[in-house]
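Topology and contacts: notes
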Amino acid sequence: MSAKAKVETTAGNKPESASIVLTFDNNDHARALFGQFEQNLTLIENRLGLDVRSRGNRVSISGDPTAAEQARRALDFLYEQLQKGGKDPEAADVQGAMRMAIAADDQLQLPTMDGKNKIAAAQIATRKKTILARTPNQDRYMRAMERCELVFGVGPAGTGKTYLAVAHAAMLLERGHVERIVLSRPAVEAGERLGFLPGDMKEKVDPYLRPLYDALYDMIPGDQVERAIGAGVIEIAPLAFMRGRTLSNAAVILDEAQNTTSMQMKMFLTRLGENGRMIVTGDPSQVDLPHGEKSGLIEALNVLEDVEGITKVRFKDADVVRHPLVAKIVTAYDEAHGAYEQAPRGNYPRRREKDGK
């Protein structure tokens, strides 16, 4: 528990129930923790099937012992972030804390707990904001980026693959671990033939690279982003521009990698230079390549399966951190077309063509 929270545990009326009382000594932090009209406590109550009530700076949690302990972990984690100067928790923060608290019960798969029975979520800290892991796989992904030179993050939309990769690259740049950031993705929608679009090359490719820009501006003040792009410290370019280069002292991200061909993926991976970090993200279930064209991402996941020094993190629909409906949509499509994470190694299903073939 947090250093400034007290816990009292008593036996419930029924053998299968438990009661936990948390006392927080900072009233302002307690109010922020509970949320407006205690909406954060209501989220926890509904998600874990508990009876959660507050009075002043105290919270009583009653119900299933396992769920009650998970609620305690989540509240304690959020309170500790407030003590460290973090922002007031929102619904997404509360939901993320609950995911991590639940995952902490499976110590064989995820080391989310420290020696004091507290959640130890991975984090990325940039000058503009600090991001905490909100799901077990986000935790694995963030820790993998810290220790590995080449990381694959694959899974459905809304799991934070690209956002966290850009955040990690921004952190490396701020700390001086790399000298530049290179962000790329294949402009498959236009077949990488961009001449028909109006404007100069930057204006032609910007629509395809917009998600990368959005993530950058979330991590780095806008004026600094513009200066860094102008100075070549941050480079954003379509994949076709990577050929023939060696990317040393750089954090390199390839987004939407499922839309690379086999040759493009091999070309990109072999750009890694001295003191380089490379992160490849994509969703193998959403390949937009012409029918019959093999996805370079799917092939790479197979070919590089046993290569030491490469880490692959596979996200699932449970890791979706966007609107709750997004996770339900992903699940519905997976059930209809075959969940890619349950397919044989690398044998991901293609998205069906419009003609139904």
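The preceding data block contains the structure.
Basis of the calculations
Position numbers for residues start from 1 in each chain and track the written sequence from start to end. Restriction of local features to residues with pLDDT of at least 70 applies here, the model being predicted, together with a cutoff of 80 or more for giving and counting side-chain atom pairs; totals for whole chains, interfaces and linings are based on all residues. With hydrogens and water stripped out, all remaining heavy atoms of the structure feed into the side-chain values. The helix count covers DSSP runs of H or I at least four residues long, the strand count covers runs of E at least two residues long, and both are numbered beginning at the N terminus. Partly exposed describes any residue whose relative accessible area lies between the buried limit of under 20% and the exposed limit of over 50%, with all areas from a 1.4 Å probe on protein chains only and scaled to the type maximum. Only when DSSP finds a minimum of two bridges between them are two strands counted as paired. Comment: axis = line fitted to C-alpha atoms, over the contacting stretch for helices; angle = value between 0 and 180 degrees taken between N-to-C directions. Contact definition: two residues touch when any of their heavy atoms are within 4.5 Å. By definition, a salt bridge exists where a carboxyl oxygen of Asp or Glu is found within 4 Å of a side-chain nitrogen of Lys or Arg. Take the buried Ala, Val, Leu, Ile, Met, Phe, Trp, Tyr and Cys residues and link them wherever side-chain atoms come within 4.5 Å; each set so joined is a nonpolar core. Any angle that is under 35 degrees is reported as roughly parallel, and any over 145 degrees as roughly antiparallel; angles of 65 to 115 degrees are reported as roughly perpendicular and all others as oblique. By definition, turning the near helix anticlockwise from the far helix through less than a right angle yields a left-handed crossing, and turning it clockwise yields a right-handed one. Nonpolar residues are Ala, Val, Leu, Ile, Met, Phe, Trp, Tyr, Cys and Pro. Charged residues are Asp, Glu, Lys and Arg, and all others, Gly as well, are polar.

Moving on, we come to unusual backbone geometry. One non-glycine residue, N249, lies in the positive phi region at around 50°. The residue N249 is located in the loop between β9 (234–238) and β10 (250–254) in this model. On the basis of relative accessibility, which here comes to 25%, the residue N249 falls in the partly exposed class. With a phi angle near 55°, N275 is a residue other than glycine that sits in the positive phi range. Here N275 is to be found in the loop between α9 (262–269) and β11 (277–282).

All right, on to the sheet that holds strand β7 (residues 150–154) then. In spatial order, the strands read β9-β8-β10-β11-β7-β12; together these six strands make up an open sheet with parallel pairing. One side of each edge strand has no neighbouring strand; the edge strands of this open sheet are β9 and β12 (310–314). Adjacent strand axes in the sheet meet at a mean angle of 15°, parallel and antiparallel pairs treated alike. Sheet topology places β10 next to β11; four bridges connect them, and they run parallel. Paired with I253 across the two strands is I279, which belongs to β11. Contacts between helix α6 (residues 161–174) and the sheet are confined to β7, β8 (180–185), β9, β10 and β11, with β11 contributing the most and set at about 165° to the helix.

Summed over all chains, the structure comprises 14 salt bridges. We note a salt bridge from R143 to D139, for which the minimum N-O separation is 2.5 Å. Of the two residues, R143 and D139 are both situated in helix α5 (residues 136–147); the distance of four residues between them amounts to about one turn of the helix. Overall, the relative accessible area of 30% leaves R143 in the partly exposed class. Given the relative accessible area of 0%, D139 is considered buried. Each of the salt bridges in this network shares a partner with another, and the network as a whole consists of E69, R72 and R73.

Moving on, we get to the nonpolar core. Ranked by size, the top nonpolar core spans 68 residues in total, and within it F24, I61, L75, Y141 and M145 carry the most contacts. Sequence-distant contacts of I61, that is, excluding residues within four places in its chain, are made with A18, S19, I20, L22, L50, D51, V52, A68, A71, R72 and L75. Core analysis: the next-biggest nonpolar cluster, separate from the first, contains 23 residues, L247, V252, M267 and I310 among them.

Turning to its location among the elements, L216 is positioned in helix α7 (residues 201–219). Setting aside anything within four residues of it in sequence, one finds L216 in contact with V166, L183, V225, I234 and I236.

Most of β9 sits inside the fold, with four of its five residues counted as buried. Pairing geometry for β8 and β9, over five bridges, is parallel. Pairing of S184 across the sheet is with A237, part of β9.

Here G158 is to be found in the loop between β7 and α6. We classify G158 as buried; its relative accessible area is 8%. C-alpha of G158 to C-alpha of V321: the two residues are 163 residues apart in sequence and 5.8 Å apart in space.

For any two helices packed against each other, one specifies the crossing angle of their axes together with the interaxial distance. One can describe the packing of α9 onto helix α10 (residues 296–303) by two numbers: an axis separation of 8 Å at closest approach and a directional angle of 60°. In terms of their interaxial angle, α9 and α10 are classed as oblique. For the crossing formed where α9 meets α10, the hand is right-handed. In this structure, α9 uses S262, M265 and L269 to contact α10, whose residues at the interface are G296, L297, E299 and A300. Taken together, the residues of the contact of α9 with α10 sort by class into four nonpolar, two polar and one charged.

So, to be careful, I would describe these as geometric facts and stop short of saying anything about function.
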